[in-house]
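What follows is each chain in one-letter form.
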Amino acid sequence: MADSCFHLFGVRHHGPGCARSLLGALDALQPDCLLVEGPPEGEAMLPFVLDAGLTPPIALLIYNPDDSQQAAFYPFAEFSPEWQALGHALARNTPTRFMDLPMGCQFALDKAQIEAVRQAAEAAASEAEAGAIEESKADAETDADGSAEETEFEEADLYADPLHWLGQAAGYDDGESWWNHLVEERNDSLELFAAIGEAMTTVRSEAPARRRSDYEQQREILREAHMRKCMRQAQKDGFERIAVVCGAWHVPALEKMPTAKADNDLLKALPKTKVAATWAP
């Protein structure tokens, strides 16, 4: 379990019920530090959150000033839990930090991945020209009547969205219906987030694995390692009631801490690109 100084609030981005419950939880906790899933490079933009001229819907824009194709938007609505948490903390002068893997690292990793895919495509094209390419595994496994495609289509939702699996297991048509009924339409606070944590632990341990590339899986591992690193830093800085607001999916990975060395080894020597930040309408 995470140290008792950490209070994990798993939310759905832009969930109005989550936002309402989160404010109640923060009022009860009165944290002395707030960590939010977001780009650390955007922290310089946080003082503008309380500016009367900055009204949602808006987005925090992180971009590479030397390559306009590398950009990421972090959108906020008035009912976004993260926006409400930021306003709550900043209005009380509570130290507030973003804890996601820096976008400078993510951009650099993306660029390296694009180059690797390009090189692989060129190698595959060369093999094809030489007549050495083999029939794909997918073609070999699909029978004449296309039954493999039908099975894949039927199971697609389970692999794309783990909440779909959980919702159906609980008797709902889909994960969206389950989440809305049990989370967005409720009015409690701390108890709600404990239940979300338990549900996400079940999903991550028992639901069918999401179909993702090795690169996507590794990037998630790095992101969660950096979140834990930021949590440890906040604790090292002397904070005792640390509120951690993140996507609900990440809660189990932040609740059970590996060693600091394990996370630091993962994050060691990551490439990095220069980025800038601004608010955008």
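Refer to the structure printed above.
First, a word on what this report is: a plain description of the structure on this page. Predicted, not measured: the structure shown is a model, and the values here were computed from it. Residue numbers run consecutively from 1 along every chain, following the written order of its sequence. Only residues with pLDDT of at least 70 are given local features in this predicted model, and only at 80 or more are side-chain atom pairs given and counted; all residues enter the totals for whole chains, interfaces and linings. Only hydrogens and water are set aside when side-chain values are computed; all heavy atoms of the structure are taken into account.

### Observations regarding the overall build of the chain
A count of helical and extended segments in the chain gives 11 helices and 7 strands. A buried classification covers 41% of the 281 residues belonging to the chain. Contact definition: two residues touch when any of their heavy atoms are within 4.5 Å. Considering only contacts within the chain whose residues lie at least 6 apart along the sequence, 79% involve residues at least 24 apart. A 1.4 Å probe and the Shrake-Rupley method give the accessible areas. Residues count as covered only by the protein chains that appear here. With an accessible surface of roughly 15,000 Å², the chain has 52% of that area assigned to carbon and sulfur atoms. Think of it this way: any DSSP run of H or I at least four residues long counts as a helix, any run of E at least two long counts as a strand, and we number them from the N terminus. Remark: exposure states derive from per-residue accessible area (1.4 Å probe, protein chains only) relative to the maximum for the residue type, with buried under 20%, exposed over 50%, and partly exposed in between.

### As for the packing of helix α1 (residues 16-29) against helix α7 (residues 175-184)
Contact geometry for α1 and α7: axes closest at 9 Å, N-to-C directions at 25°. Taken as axis vectors, α1 and α7 run roughly parallel relative to one another. With respect to the hand of their crossing, α1 and α7 are arranged in left-handed fashion. Between α1, through P16, G17, C18 and R20, and α7, the contact on the second element is made entirely by W179, V183 and E184. Of the residues in the contact of α1 with α7, the class split is 4 nonpolar, 1 polar and 2 charged. Comment: axis = line fitted to C-alpha atoms, over the contacting stretch for helices; angle = value between 0 and 180 degrees taken between N-to-C directions. Angle categories: roughly parallel below 35 degrees, roughly antiparallel above 145, roughly perpendicular from 65 to 115, and oblique for all the rest. By convention, the crossing between two helices is left-handed when the near helix turns anticlockwise from the far helix through less than a right angle, and right-handed when the turn is clockwise. Just so you know the grouping, Ala, Val, Leu, Ile, Met, Phe, Trp, Tyr, Cys and Pro go in nonpolar, Asp, Glu, Lys and Arg go in charged, and all remaining residues, Gly too, go in polar.

### Considerations on the sheet that holds strand β4 (residues 67-76)
Across the sheet, 3 strands lie side by side as β4-β3-β7; this open sheet has antiparallel pairing. Both outer strands of the open sheet, β4 and β7 (276-280), are each paired with one neighbouring strand and no more. Recorded for the sheet is a direction-independent mean angle of 25° between the axes of neighbouring strands. Strands are treated as partners if at least two bridges between them are detected by DSSP. As judged from the 5 bridges shared by strand β3 (residues 58-64) and β7, these two strands associate in the antiparallel manner. Across the sheet, Y63 pairs through a bridge with A276, a residue of β7. Relative to β4, helix α3 (residues 103-129) is tilted by about 130°, and along the sheet it contacts β3 and β4.

### So, the pairing of strand β6 (residues 242-247)
Most of β6 sits inside the fold, with 6 of its 6 residues counted as buried. Of the strand pairs in this sheet, strand β1 (residues 6-11) and β6 are connected by 6 bridges, and their pairing is parallel. Along β6, the bridge assignment pairs L8 with V244. Summarising the sheet, strand β2 (residues 33-36) and β6 pair through 4 bridges and their orientation is parallel. Bridged to L34 within β6 is A243.

### Here's the deal with the side chain of E37
One can find E37 in the loop between β2 and β3. A polar atom in the side chain of E37 sits 2.9 Å from the side chain of R223. N or O atoms closer than or at 3.5 Å make up a polar contact, with two conditions inside protein: a donor-capable atom paired with an acceptor-capable one, and, for residues adjacent in sequence, both atoms drawn from side chains. A distance of 2.7 Å separates the side chain of E37 from the backbone nitrogen of G247, its partner in a polar contact. Residues in contact with E37, not counting those within four places in the same chain, are H13, F98, M99, D100, R223, M227, V245, C246, G247 and H250.

### A short note on the packing of aromatic side chains
Two aromatic rings from Phe, Tyr or Trp, using only the six-membered ring of Trp, form a pair when their centres are within 6.5 Å; if the ring planes differ by under 30 degrees the pair is stacked, by over 60 it is edge-to-face, and anything between is tilted. One pass over the structure, following the stated rule, counts 4 aromatic pairs. Relative to F193, the ring of F9 has its centre 5.2 Å away and its plane inclined at 85°; by these criteria the two rings are edge-to-face. Of this pair, F9 sits in strand β1 while F193 sits in helix α8 (residues 190-206), and the two are 184 residues apart along the sequence. Neither residue differs from the other here; F9 and F193 are each classed as buried. Taken together, the ring pairs in this structure connect F76, W83 and W279 into an aromatic cluster.

### What to know about the layout of surface pockets
Gaps between atoms show up when a probe of the same size as a water molecule is rolled over them. Residues are said to line a cavity or pocket when one of their atoms sits within 4 Å of a point; the points come from a 1 Å grid over protein atoms alone, cavities being sets where a 1.4 Å probe fits but cannot get out and pockets being open sets with protein on both sides within 12 Å along at least five of seven lines. Grid points are joined across faces, edges and corners, and a volume is the space filled by probe spheres set on the points. Of the pockets and cavities examined, the largest pocket occupies roughly 560 Å³. Here the lining of the largest pocket takes 4 residues from helix α9 (residues 214-236), the largest share from any one element. Residue classes in the lining of the largest pocket are distributed as 8 nonpolar, 4 polar and 10 charged.

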